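One-letter residues, chain by chain:
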Amino acid sequence: GTQSGAHAGYSYAMAGEQDLSFPYLGQQLTSFVSQTPMAVGLTSKNNAATPDTKIDVTALYAILSSFSGGNGVHSGVSVTINATTVGANGIDAGALANSTWYYVWLISTGTTVAGLLSLSSTAPTLPAGYFYALRVGAARTDASSKFYRFIQTGRRTQYVVTAGTNTATMPQMGTGVSGNVVTPTWTAIAVANFVPPTAPEINGTVQSSSSTIIVAPNNGYG
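Nothing here was measured: the structure is a model prediction, and the numbers come from that model.

Q: Help me out: how do you make sense of the overall build of the protein in this one?
A: Each helix and strand in the protein was counted, giving 1 helix and 10 strands. When the elements of the protein are put in sequence order from the N terminus, they spell out α-β-β-β-β-β-β-β-β-β-β. Oriented by its inertia axes, the alpha-carbon framework of the protein measures out at about 90 × 45 × 35 Å. With 222 residues in all, the protein has 32% of them scored as buried. Sequence separation of at least 24 residues holds for 54% of the intrachain contacts in the protein that already meet a minimum separation of 6. When the accessible surface of the protein is totalled, it reaches about 14,000 Å², and 53% of it is carbon and sulfur. Computed over 8 positive and 7 negative side-chain charges, the inter-centroid distance for the protein is 11 Å.

Q: Mind showing me how you'd approach the pattern of salt bridges here?
A: Opposite charge on two side chains permits them to pair, given that their charged atoms come into close proximity. Taken as a whole, this structure holds 1 salt bridge when the rule is applied. A salt bridge links D52 to R149; the shortest N-O distance between them is 2.9 Å. Highlighted residues: D52 in the loop between β2 (43-46) and β3 (54-65) and R149 in the loop between β8 (132-140) and β9 (150-153), separated in sequence by 97 residues. A residue is classified by how much of its surface remains accessible, and D52, at 24% relative accessible area, is partly exposed. Assessed through its relative accessible area of 11%, R149 is described here as buried.

Q: Explain the environment of F67 here, please?
A: Along the chain, the position of F67 falls in the loop between β3 and β4 (71-82). As a C-alpha pair, F67 and N218 span 151 residues in sequence and 36 Å in three-dimensional space.

Q: Sorry if this is basic, but what is going on with the environment of S75 here?
A: Tracing the sequence through the fold places S75 in strand β4. Separated by 17 residues in sequence, S75 and T58 have C-alpha atoms that sit 9.7 Å apart. Setting aside residues no more than four positions away along its own chain, S75 makes contact with L60 and Y61.

Conventions used here
- Residues numbered from 1 in each chain as written.
- Predicted model: local features only at pLDDT ≥ 70, side-chain atom pairs only at ≥ 80, totals over all residues.
- Heavy atoms only, no water.
- Helix = DSSP H or I, 4+ residues; strand = E, 2+ residues; numbered from the N terminus.
- Buried < 20%, exposed > 50% of the residue type's maximum accessible area, 1.4 Å probe, protein only.
- Contact = heavy atoms within 4.5 Å.
- Areas by Shrake-Rupley, 256 points an atom, 1.4 Å probe, with all protein chains shown as cover.
- Lys, Arg positive; Asp, Glu negative; His and termini not counted.
- Charge placed at Lys NZ, Arg CZ, Asp CG, Glu CD.
- Salt bridge = Lys/Arg side-chain N within 4 Å of Asp/Glu carboxyl O.

In structure tokens, the structure reads:
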């Protein structure tokens, strides 16, 4: 600048110098710098005791964001979402519906973390005092408003075949003779009941004992 005169600079050393972990630094920076929302070591699945209406979500570390900036930063996350209640650790509004995709969210006040289910994949209705959110997955109900059995690890979710439940077998997306593998003539298979609209890819299986099967993401293949 244009200042004149003598200037003095000072340096300081930390007593007992140590490496600072990202979770520690994140807590210090959250008021000043918006961090990328994420969940590390994420798992989501049906609650063991009440699998029809409750979902357990755990994460080693999670960074939640808000539309106004800033983050809620939490480690050792472990929440149970009860879809029969409304509010934090419940559904954001209304009652659990039949044959519906619900998005699984982590939400935070900045100091307290909870879970939330919402019909919205982008803007859940947050309970009073909660400002931060992170969508971590999705779960679907059957025709009786009971969750299908599933397990999610990181970004991958799969159905869990469980005897005596609504997921006693793997969900079947299509069956029977369809189209023509020579021409080829394609038959579109509806996927909305099997994977949420937010899914970037689908992993599945096909099988036949006596015929040829071709599968592709669109009818440009052959």
